[in-house]
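The primary structure of each chain is shown beneath.
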Amino acid sequence: MFELYNKGIKDTDPEVYATLKSELLRQQNQIELIASENIASLSTLNAQGSVMTNKYAEGYPGRRYYGGCEFVDQAEEIALDRVKKLFNCKYANLQPHSGAQANQAVFLALLQPNDTFLGMSLASGGHLTHGAKPNISGKWFNAIQYGVKKEGNDKDLIDYDEVESLAIKHKPKIIIAGASAYPRIIDWKKFREISDKVGAYLMVDMAHYSGLIAGKQYPNPVEYSDVVTSTTHKTLRGARSAMILTNNEEIYKKINSAVFPGLQGGPLMHVMAAKAVSFGEALDPAFEEYIKKVISNAKHLSEILVKRGFRIVTGGTDSHIVWLDLTPKKLTGDKAEKILEDVGIACNKNAIPYDPHPPKITSGLRFGTAAATSRGFNESDFELVGEMISDILDSLNSDEEEMKKVSQITKNKIQEMCNKYPIYNEAF
Ligand SMILES: *Cc1c(COP(=O)(O)O)cnc(C)c1O
């Protein structure tokens, strides 16, 4: 399949072809635990690599600035129908190219430069685009940041009291709920109540949770929020892209103008077609079963790691995310990430709340189960993965010979598992 599908590239550009082939093999031969990644279906990949790449379609279905839009209109309408069904919402804009741009479009629609908004800090598991200093959201707006509890029974959990007191003090125009490392259920209703108290819009960025929501295993924020943004390629397992949802017609109109012509030119209609395909897949009852497995796999991974002496931030998980604190093992995130990659486990270092180390080092790792579950890993596979992670990280505190031994044993086991579960059956 791979040779056939990429034949044109092999003949015309062997240099790029070689990178595609190597990337396919890397994905096949590593266990992917990066929480934001997944394995899109071949149909999604095919739609994304289709003739719709050639089409300009500025504007929206039925009111474009170019001719020849009959069929791309149909593709966008199909995607819109499906996404509205999937998330039970009235209005959707599917043209943002990425999650970051979807968020920018909301800012452009609802804020003026220097306006105040409230978002979760990066250091507590929020996203860069929720007001971090190096991002446009932190540069062009007055971004106030909330975090998680430092200690007590609800250590590591969102500090709703802080959210409320910051909201009362700063009167933000928007409150953003949503995160990138937070593994627990976020209380959308509570955020709605706080937003109402201060007259703020509630924006939910469900980028990490949208697949769990589509699979009915995580609360849907649409009914509680004024506007919802999301990527489409994380747990939702679709094309690399994004979306904005709302039930409010007035906000919908503002969002449409903000996305185009406010922020973007022509939408990526090949990606639109791919989104339509992947939304179709997410509507299938099999997707709900997949998401249930993603979460139970994460719970199993988390339990093994606790058994092996690690601390899990928040003590466990309600999602695909397992947030590991390496402090009890006296290890740092950068070193752990590297040694795991060496044996064939891909993950990312991630600061833990109140991390004493800088972001390039960190005391934590973030794991996610969405990608490996897509290729077929089950609960006992994830228990084995947890044991392997523990063996490797524990071996860092032993002598070199022992380290080498553990590393070789683990590499062999990982290759065995990867061979058992091809990422694309047709590719090999
Ligand atoms: C991943 C993510 C984004 C950004 O998505 P990109 O497509 O990488 O721009 C935005 N918000 C949250 C919460 C995310 O997790």
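About the thresholds
- Residues numbered from 1 in each chain as written.
- Predicted model: local features only at pLDDT ≥ 70, side-chain atom pairs only at ≥ 80, totals over all residues.
- Heavy atoms only, no water.
- Disulfide = S-S within 2.5 Å.
- Buried < 20%, exposed > 50% of the residue type's maximum accessible area, 1.4 Å probe, protein only.
- Pairing = 2+ DSSP bridges.
- Helix = DSSP H or I, 4+ residues; strand = E, 2+ residues; numbered from the N terminus.
- Axes fitted to C-alpha atoms, helices over the stretch in contact; angles between N-to-C directions.
- Contact = heavy atoms within 4.5 Å.
- Phe/Tyr/Trp six-rings, centres within 6.5 Å; stacked < 30°, edge-to-face > 60°.
- Lys NZ or Arg CZ within 6 Å of the ring centre and 35° of its normal.
- Parallel < 35°, antiparallel > 145°, perpendicular 65-115°, else oblique.
- Left-handed = near helix turned anticlockwise from the far one by under 90°.
- Nonpolar A, V, L, I, M, F, W, Y, C, P; charged D, E, K, R; others polar.
- Salt bridge = Lys/Arg side-chain N within 4 Å of Asp/Glu carboxyl O.

Moving on, we come to the state of the cysteines. Summed over the entire model, instances satisfying the criterion amount to zero disulfides. Here C418 stays unpaired: no disulfide links it, and the sulfur of C347, its closest cysteine neighbor, is 14 Å away. Relative accessible area serves as the criterion here: at 0%, C418 is assigned to the buried category.

Glancing now at the sheet that holds strand 5 (residues 116-120). Ordered by their spatial adjacency, seven strands build an open sheet running 4-10-9-8-7-5-6, and the pairing between neighbours is mixed. Sheet topology places strand 4 (91-93) and strand 6 (142-146) at the edges, where each strand pairs with a single neighbour. The mean inter-strand angle of the sheet, taken between neighbouring strand axes irrespective of direction, is 20°. The strands that helix 9 (residues 188-198) touches are strand 6, strand 7 (174-177) and strand 8 (201-205); relative to strand 7, the one it contacts most, it runs at about 170°. Sitting on the sheet, helix 11 (residues 249-263) touches strand 4, strand 8, strand 9 (227-231) and strand 10 (242-246), and the angle it makes with strand 4 is about 10°.

On the basis of which strands lie adjacent, the open sheet formed by four strands has the order 11-12-15-14 and antiparallel pairing. With one partner strand each, in any of the chains shown, strand 11 (311-312) and strand 14 (348-349) form the two edges of the open sheet. Note that strand 12 (residues 321-325) and strand 15 (residues 364-368) share five bridges and pair antiparallel. Looking at strand 15, one finds that D325 is bridged to G364. Its contacts with the sheet put helix 14 (residues 333-343) on strand 14 and strand 15, and the angle it makes with strand 15 is roughly 45°.

Now for the packing of aromatic side chains. Here the structure, examined in full by the defined rule, presents 13 aromatic pairs. Measuring from centroid to centroid gives 4.7 Å for Y91 and Y252, while their planes differ by 20°, and the two rings are stacked. Of this pair, Y91 sits in strand 4 while Y252 sits in helix 11, placing them 161 residues apart in sequence. Pairwise contacts between aromatic rings join F107, F117 and F141 into one cluster. Positioned above the aromatic ring of Y290, the side-chain terminus of R237 is 4.0 Å from the ring centre. Above the face of the F310 ring, K329 is positioned so that its terminal group lies 4.7 Å from the ring centre.

Here we take up the packing of helix 14 against helix 16 (residues 379-395). Two numbers describe how helix 14 lies on helix 16: the axes approach to 10 Å, and their chain directions differ by 120°. Classified by the angle between their axes, helix 14 and helix 16 sit oblique to one another. Helix 14 and helix 16 meet at a crossing whose hand is right-handed. Together, A336, I339, L340 and V343 of helix 14 and I389, I392 and L393 of helix 16 make up the contact between the two elements. Each residue belonging to the contact of helix 14 with helix 16 can be placed in one class, and the counts come to seven nonpolar, no polar and no charged.

Taken as a whole and judged by the stated rule, the model has 22 salt bridges. Taking the shortest distance from any N to any O, the salt bridge between R184 and D318 comes out at 2.9 Å. Note that R184 is positioned in the loop between strand 7 and helix 9 and D318 in the loop between strand 11 and strand 12, a separation of 134 residues in sequence. D196 serves as the salt-bridge partner of R192, at 3.0 Å between the closest nitrogen and oxygen.

Before going further, it helps to spend a moment on the pairing of strand 9. A large share of strand 9 lies buried, amounting to five of its five residues. Burial along strand 9 is two-sided: V227, T229 and T231 facing one way and V228 and S230 facing the other are all buried. Summarising the sheet, strand 9 and strand 10 pair through four bridges and their orientation is antiparallel. Note on strand 10: the bridge partner recorded for T231 is A242.

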